[in-house]
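Residue-level structural notes
Listed here are the chains, written in short residue letters.
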Amino acid sequence: MAAADHTAARDVSASANPLLRFASSARSALTLILRTTTGRVGFTIVMVHLTLAVIGPWITPYTPTDFHLDDRFSAPTAAYWLGTDEFGRDVLSRVLAGARSIIWIATVGTVLGVTLGTIVGVTSGYAGGKIDQIIMRIVDWLLAIPSLLLAILVINMATQRFSGVDDSWIIIGIIGISFMPNNSRVIRSATLAVKPLEFVESARLRGEPTPYIMFREILPNVLPVVAVEAAIRISFALLLTAGLGFLGLGVQEPTPDWGLMVAENAKHLSTVPLSALAPGFAMASLVVGINLLADGIRQAQNIPETGDSR
Amino acid sequence: MARFLIVRISLIMVTLLAVSIAIFSLIELLPGDAAALMLGQQSTPDSLRNLQEQMGLDRPPHIRYLEWIGGALRGDLGVSAKSPDISISSVIGERLRNSALLAVSAFVIAVPLGLAMGVWVGSRADTKIDRFLSMGGLVTISLPEFVTGVVMILVLSTMLGWLPSSSIMMPGESIIGNPQVLIMPILTVTGALFAYIFRMARANVIEVMESNYVRTAVLKGLPMRTVMVRHVMPNALLPTITVIANNVGWLFGGLIIIENLFAYPGMGGELINSIKTQDIPMLQSTAMVIAAVYAFSNLAADLTYGLLNPRVRLS
């Protein structure tokens, strides 16, 4: 991951504002990504999805939750372009409406996980010694439970204990928790690489407080790693969200959810195959797009494929 | 080696102890106990108290935890909340066999094929066939298991009618006696695993091919076959195997989803079943057994790595 300390960030390192510096390095990274074929294809697919997620609610031909009981199990017609499901709900409208919730959940969940991971990783890496050992042992324990199993157990508890809370926030929390351990490991090793550098040493000698050193000196220098980490994690977040939805543990009916739609409509494959295939295709194309984009980032920044676990 | 094993196994024991406390606490945090969840709407204060006594839920949590763990170590996980006639140990034993059958078959197919294809394609980096296959691999990895599974059911079962669409077994039937129900679940698990291994192997082969020692080997006139077998493969496949080993958890997640899609009678299916029926004793033990199997497969992966890596083997 040390390779992520890329040239783009160095060019503008003269700029004092770390946010400006980050925005500028993000822009030059995008230019690099768009130079690769996979990057371009991925970027296009992701943009189409984002656009549809934003404008989706206004262009749905029907209200996604409306029953049309006279038109149950309809094949694709001029009225229902992708047909209807067992309750006569319009499949196209439901697929369009589903984009927003899954993209929102996966993105916010990833941001939460990466933020938690960054705080834990920078703290652990900078503190070193006993604190580092204790934190990393706890991280090891969290990693000892497969993430989907942990998610299933937490969700089972949380949906019953906090029944007033919106499902999507519970799932966001779960994505955050299950991404934190892996993230904090990556950020910790990036911190360890920055820690012995001179500007950190000089800040210490100036007598700056520890939080200042951690978040004003070290953090801006591990941000590129954080950004790459977030980009790669998003596809795992999407798959986890969709997987939970498919298992019936995600967003609950009648809210349209791609995973749940596949699970429910798979029972009627012989009559209306499109009602399960359309949300499945939407899901697959989104993850393909994001992975192509992430592959573009990897190629552009020369980061070897590490095969992080989901 | 024996020392390494002892250290690792005792570490696993400590980890599993922590995991068991975590699982027990997550279930303890549920509103109402196993008895209340079982009775549901029909619960009256009297019937609730009776059932709690009968299930031993009136005792403090740490006693119940110790009893659960003590029983688990003796191989007795108690009885299902659905019926006192259903022994959790025997249900889990059978489900575990079925899941293992699925996972091992997928592994045996995907690992050698993925490694072989990764080496073959990696030695042709940046050719048309490489770009095509590695793009195909990336797409395959991205497909959620339930999407590949549904497409497979649609084609092989609904349209062609070659295979049964689900793996539901009648009482008394076994998976072994009906191998045709295994084909689609195995293919679905294998697909993603194969693409993943292939991409990892390819990336590592490309990296090793650029190293100085491989260039030296080529320039001193060794035949390409010898360079691949003696220099590239040992150095490229070792990190690949580590990565595969570190991702056993991914395989587990995939299995849970696939077993539910095909109604396959394995651990993943049982896990979701026990959540849907709120069979708390079953849920607790299923989760624990999955975590334990996960810990030991990680150990097995580390051992394989140790056996293959001379630096670890000899130290």
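Quick look at the structure, then. Worth saying up front: this structure is predicted, and the values here are computed from it rather than measured.

It is worth spelling out the overall build of chain A at this point. If you tally the helices and strands in chain A, you get 11 helices and zero strands. In chain A, the succession of α and β elements from N to C terminus is α-α-α-α-α-α-α-α-α-α-α. Dimensions along the principal axes, computed over C-alpha positions, put chain A at roughly 75 × 45 × 30 Å. The buried share of chain A, taken over its 310 residues, is 52%.

The next point concerns helix α12 (residues 267-276) of chain B. Residue and element names in this part refer to chain B. The element α12 is largely enclosed, with a buried count of eight among its 10 residues. Of all the positions in α12, only Met-267, Gly-268, Gly-269, Glu-270, Leu-271, Ile-272, Ser-274 and Ile-275 are classed as buried. Looking one or two residues beyond α12, the residue adopting positive phi is Gln-278, at roughly 50 degrees.

With respect to the element layout, Leu-222 of chain B can be found in the loop between α9 (212-219) and α10 (224-246). Not counting the four nearest positions on each side in its chain, Leu-222 of chain B is found in contact with Ala-217, Val-227 and His-231 of chain B.

Let us now look at the interface of chain B and chain A. Every contact between the two is made by 51 residues of chain B and, on the other side, 44 residues of chain A. Buried surface at the junction of chain B and chain A, summed over both partners, amounts to about 4100 Å²; 76% is from carbon and sulfur atoms. Looking at the side of chain B facing chain A, the largest losses of area belong to Leu-26, Ser-142 and Phe-146 of chain B, adding up to 14% of the total buried there. The tally of links between chain B and chain A comes to one salt bridge. Across the pair Arg-199 of chain B and Asp-295 of chain A runs a salt bridge, and its minimum N-O distance is 3.1 Å. Viewed at the interface, chain A and chain B are joined by four residue pairs in polar contact (both at pLDDT 80 or more). Listed by contribution, the elements that provide at least two residues to the side of chain B that touches chain A are α1 (2-28), α6 (128-142), α7 (145-159), α8 (183-209), α10, α11 (248-261), α12 and α13 (280-308) of chain B. Among the residues making up the side of chain B that touches chain A, the classes are represented as 38 nonpolar, nine polar and four charged.

What follows covers the packing of aromatic side chains. Tallied over the entire structure, the rule returns seven aromatic pairs over all chains. Judged by centre distance (4.9 Å) and plane angle (5 degrees), the rings of Phe-246 of chain A and Phe-146 of chain B are stacked. Highlighted residues: Phe-246 of chain A in helix α9 (residues 210-246) and Phe-146 of chain B in helix α7, drawn from two different chains. Of the two residues, Phe-246 of chain A and Phe-146 of chain B, neither departs from the other in class, the shared state being buried. Both rings, one in Phe-24 of chain B and one in Trp-68 of chain B, keep their centres 6.1 Å apart while their planes meet at 25 degrees; by these two values the pair is stacked. With Phe-24 of chain B in helix α1 and Trp-68 of chain B in helix α4 (residues 61-73), this residue pair connects regions lying 44 residues apart in the sequence. Just as Phe-24 of chain B is buried, Trp-68 of chain B falls in that class too. These aromatic residues form a ring-pair network of at least three members: Phe-24, Tyr-65 and Trp-68 of chain B. A cation sits over an aromatic face here: Arg-100 of chain A above Trp-58 of chain A, 6.0 Å from the ring centre. The residue whose ring lies beneath Arg-233 of chain A is Phe-179 of chain A, and the NZ or CZ to ring-centre distance is 5.4 Å.

Attention now moves to the pattern of salt bridges. Pairing is possible between side chains that carry opposite charge, provided their charged atoms lie close to one another. Throughout the structure, instances matching the rule amount to 12 salt bridges over all chains. Across the pair Arg-185 of chain A and Asp-140 of chain A runs a salt bridge, and its minimum N-O distance is 2.5 Å. Placement of Arg-185 of chain A in helix α7 (residues 167-194) and of Asp-140 of chain A in helix α5 (residues 129-143) is noted, with a sequence separation of 45 residues between them. Given the relative accessible area of 37%, Arg-185 of chain A is considered partly exposed. Since its relative accessible area comes to 29%, Asp-140 of chain A is described here as partly exposed. Residues Glu-270 of chain B and Arg-95 of chain B are paired through a salt bridge, measuring 2.8 Å at the closest nitrogen-oxygen approach. Of this pair, Glu-270 of chain B sits in helix α12 while Arg-95 of chain B is found in helix α5 (residues 88-122), placing the two residues 175 residues apart along the sequence. A cluster of three or more residues bridged by salt bridges with shared partners is formed by Arg-137, Asp-140 and Arg-185 of chain A.

Cut-offs and rules
- Residues numbered from 1 in each chain as written.
- Chains lettered and ligands numbered in written order.
- Predicted model: local features only at pLDDT ≥ 70, side-chain atom pairs only at ≥ 80, totals over all residues.
- Heavy atoms only, no water.
- Helix = DSSP H or I, 4+ residues; strand = E, 2+ residues; numbered from the N terminus.
- Buried < 20%, exposed > 50% of the residue type's maximum accessible area, 1.4 Å probe, protein only.
- Contact = heavy atoms within 4.5 Å.
- Buried area = accessible area lost by both parts, 1.4 Å probe.
- Salt bridge = Lys/Arg side-chain N within 4 Å of Asp/Glu carboxyl O.
- Polar contact = N/O pair within 3.5 Å; in protein donor to acceptor, adjacent residues only side chain to side chain.
- Nonpolar A, V, L, I, M, F, W, Y, C, P; charged D, E, K, R; others polar.
- Phe/Tyr/Trp six-rings, centres within 6.5 Å; stacked < 30°, edge-to-face > 60°.
- Lys NZ or Arg CZ within 6 Å of the ring centre and 35° of its normal.

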